[in-house]
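Below, each chain spelled out in residue letters.
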Amino acid sequence: MARFNRIEVALKAKQTGIVPVFYHADAGVCKKIVKACFDGGARVFEFTNRGDFAHEVFAELIQYVAEEIPEMILGIGSVIDPATASLYIQNGANFIVAPSLNPEVAKVCNRRKIAWMPGCGSVSEISYAEELGAEIVKIFPATQVGGPEFIKAVKGPMPWSNIMPTGGVVPTKENITEWIAAGAYCVGLGSQLFVKNEDGDYDYEKITEAVAHSIQVINELR
């Protein structure tokens, strides 16, 4: 069962400004990544449903988070159908993120008051997602959809829309500034955040630093 309701998820995503997005088949690696992000100040984290038995990794990860870093809000991404949404909700997902807009997923999430962040690529999709109850809409892939200028254009006639760009967001001051200045509610940070060292292993210290830097940039802009 989710430990955080949909309002808590939305408020914390706004407060920290970033949502790290990550998948790995090794639960041990995932735990270290989540802890590194937590140490940097992240409080909302998206594990993606990308590989075989991903739900088993997630089940172990969410138990670890609840016991070791209970302030972290862990959710699941890459969910495109209601059955998968139900599976992860049963495993304790605090929010559901999707690359596409599926109203059947919205129904599953709404029944349990689980935050649902669907992927949208047009004003019509964003408006429909909000009609279905989405507090935060994800634009994906953000750069290909239109980048910061797309968000700025949408916020003109729809200033109430809470938009999270994912796909193409880079943890640099220049890039994050573009997205936030355009009106992004928060940003999803993927592969660019999870740097590796010369041995090919994840550099957890640098990941922590990148998370902290990204949050600091957003705080300064606000």
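Structure: above.
Being a predicted model, the structure only gives us computed values, none of them experimental.

Here's the deal with the environment of lysine 173
Working step 1: One can find lysine 173 in helix 9 (residues 173–182).
Working step 2: A relative accessible area of 46% means that lysine 173 is categorised as partly exposed.
Working step 3: The spatial distance from the C-alpha of lysine 173 to the C-alpha of leucine 101 is 30 Å, given a sequence separation of 72 residues.
Working step 4: Residues contacting lysine 173, with those up to four places away along its chain left out, are His213 and Val217.

Description of helix 4 (residues 82–90)
Working step 1: Within helix 4, the full set of buried residues consists of Thr84, Ala85, Tyr88 and Ile89. End-on, the buried residues of helix 4 take up no more than an arc of 135°, which puts them together on one face. Exposed positions of helix 4 whose direction lies more than 90 degrees from the buried face are Ala83 and Gln90.
Working step 2: Among the structural elements, helix 3 (54–68), strand 3 (73–77), strand 4 (95–97) and helix 5 (103–111) are those in contact with the buried residues of helix 4.
Working step 3: At the N-terminal end of helix 4, a side-chain oxygen is found 3.2 Å from the backbone nitrogen of alanine 83, two or three residues along, and the residue is aspartate 81.
Working step 4: Directly after helix 4, the chain includes glycine 92, whose backbone phi takes a positive value near 105°.

Digging into the pairing of strand 1 (residues 18–22)
Working step 1: Burial of strand 1 is extensive: 5 of the 5 residues sit out of reach of the surface.
Working step 2: Of the two faces of strand 1, the one carrying Ile18, Pro20 and Phe22 and the one carrying Val19 and Val21 are both buried.
Working step 3: Both strand 1 and strand 9 (residues 187–189) contribute to a ladder of 3 bridges, which runs parallel. Residue pairing in the sheet places valine 19 in a bridge with glycine 188 of strand 9.
Working step 4: The sheet contact formed by strand 1 and strand 2 (residues 44–48) spans 2 bridges and is parallel. Residue valine 21 lies in a different strand from strand 2, and its bridge partner there is glutamate 46.

Comments concerning the sheet that holds strand 7 (residues 137–139)
Working step 1: Pairing in this open sheet of 3 strands is parallel, and the strands run 6-7-8 from one edge to the other. Both edges of this open sheet fall to strand 6 (119–120) and strand 8 (163–165), since each of them pairs with a single strand only.
Working step 2: Inspection of the sheet shows strand 7 paired to strand 8 by 3 bridges, in the parallel sense. Bridged to lysine 138 within strand 8 is methionine 164.

Topic: the environment of asparagine 175
Working step 1: Residue placement: asparagine 175 occurs in helix 9.
Working step 2: Looking at asparagine 175, the relative accessible area reads 15%, which means it is buried.
Working step 3: Separated by 68 residues in the primary sequence, asparagine 175 and lysine 107 have C-alpha atoms spaced 35 Å apart.
Working step 4: Leaving out residues up to four positions away in the same chain, asparagine 175 has contacts with Gly168, Val169 and Val170.
Working step 5: Side-chain polar atoms of asparagine 175 contact the side chain of tryptophan 179, separated by 3.0 Å.

A short note on the nonpolar core
Working step 1: By size, the foremost hydrophobic cluster in this structure holds 67 residues, and its most contacted members are Ile33, Phe47, Ile96, Trp116 and Ile126.
Working step 2: In this view, isoleucine 96 contacts Ile76, Val79, Ala85, Tyr88, Ile89, Val105, Cys109, Ile114, Ala115, Trp116 and Met117; residues no more than four positions away in its chain are not counted.
Working step 3: Among the nonpolar cores identified, the runner-up in size contains 15 residues, and Ile73, Ile136, Met164 and Tyr185 belong to it.

Considerations on the packing of helix 4 against helix 5
Between two packed helices, the angle of one axis relative to the other and the distance separating the axes together describe the packing.
Working step 1: For the pair helix 4 and helix 5, the least separation of the axes is 8 Å and the interaxial angle reads 25°. Relative to helix 5, the element helix 4 is oriented roughly parallel. In the crossing of helix 4 with helix 5, the sense of the turn from one axis to the other is right-handed. Here Pro82, Ala85, Ser86 and Ile89 of helix 4 lie close against helix 5, whose contacting residues are Glu104, Val105, Val108 and Cys109.
Working step 2: Across the contact of helix 4 with helix 5, the residue classes tally to 6 nonpolar, 1 polar and 1 charged.

Analysis parameters
- Starting from 1, residues in each chain are numbered consecutively following that chain's sequence as written.
- Reporting in this predicted model follows two pLDDT cut-offs: at least 70 for local features of residues, and 80 or more for side-chain atom pairs to be given and counted; totals over whole chains, interfaces and linings ignore these cut-offs and use all residues.
- Side-chain measures here rest on the full set of heavy atoms in the structure, leaving out hydrogens and waters.
- Numbered from the N terminus, helices here are DSSP runs of H or I no shorter than four residues, and strands are runs of E no shorter than two.
- Accessible area is worked out with a 1.4 Å probe on protein chains only. A residue is then buried under 20% of its type maximum, exposed over 50%, and partly exposed in between.
- It only takes one pair of heavy atoms within 4.5 Å for two residues to be counted as in contact.
- This arc corresponds to the set of directions leading from the helix axis out to the C-beta atoms.
- In protein, a polar contact requires one atom able to donate a hydrogen and another able to accept it; more generally it is a pair of N or O atoms within 3.5 Å, and residues adjacent in sequence count only if both atoms are side-chain atoms.
- Criterion used throughout: strands pair if DSSP finds at least two bridges between them.
- Side-chain atoms within 4.5 Å link the members of a nonpolar core, which is a set of buried Ala, Val, Leu, Ile, Met, Phe, Trp, Tyr and Cys residues.
- Every angle, taken between N-to-C directions, lies between 0 and 180 degrees, and every axis is a line fitted to C-alpha atoms, over only the stretch in contact when it is a helix.
- Between 65 and 115 degrees an angle is taken as roughly perpendicular, under 35 as roughly parallel, over 145 as roughly antiparallel, and anywhere else as oblique.
- Note: crossing handedness is left-handed where the near helix turns anticlockwise from the far helix by less than a right angle, and right-handed where it turns clockwise.
- Amino acid classes used here: Ala, Val, Leu, Ile, Met, Phe, Trp, Tyr, Cys and Pro are nonpolar; Asp, Glu, Lys and Arg are charged; the rest, including Gly, are polar.

All quantities given are derived from atomic positions and should not be read as evidence of function.
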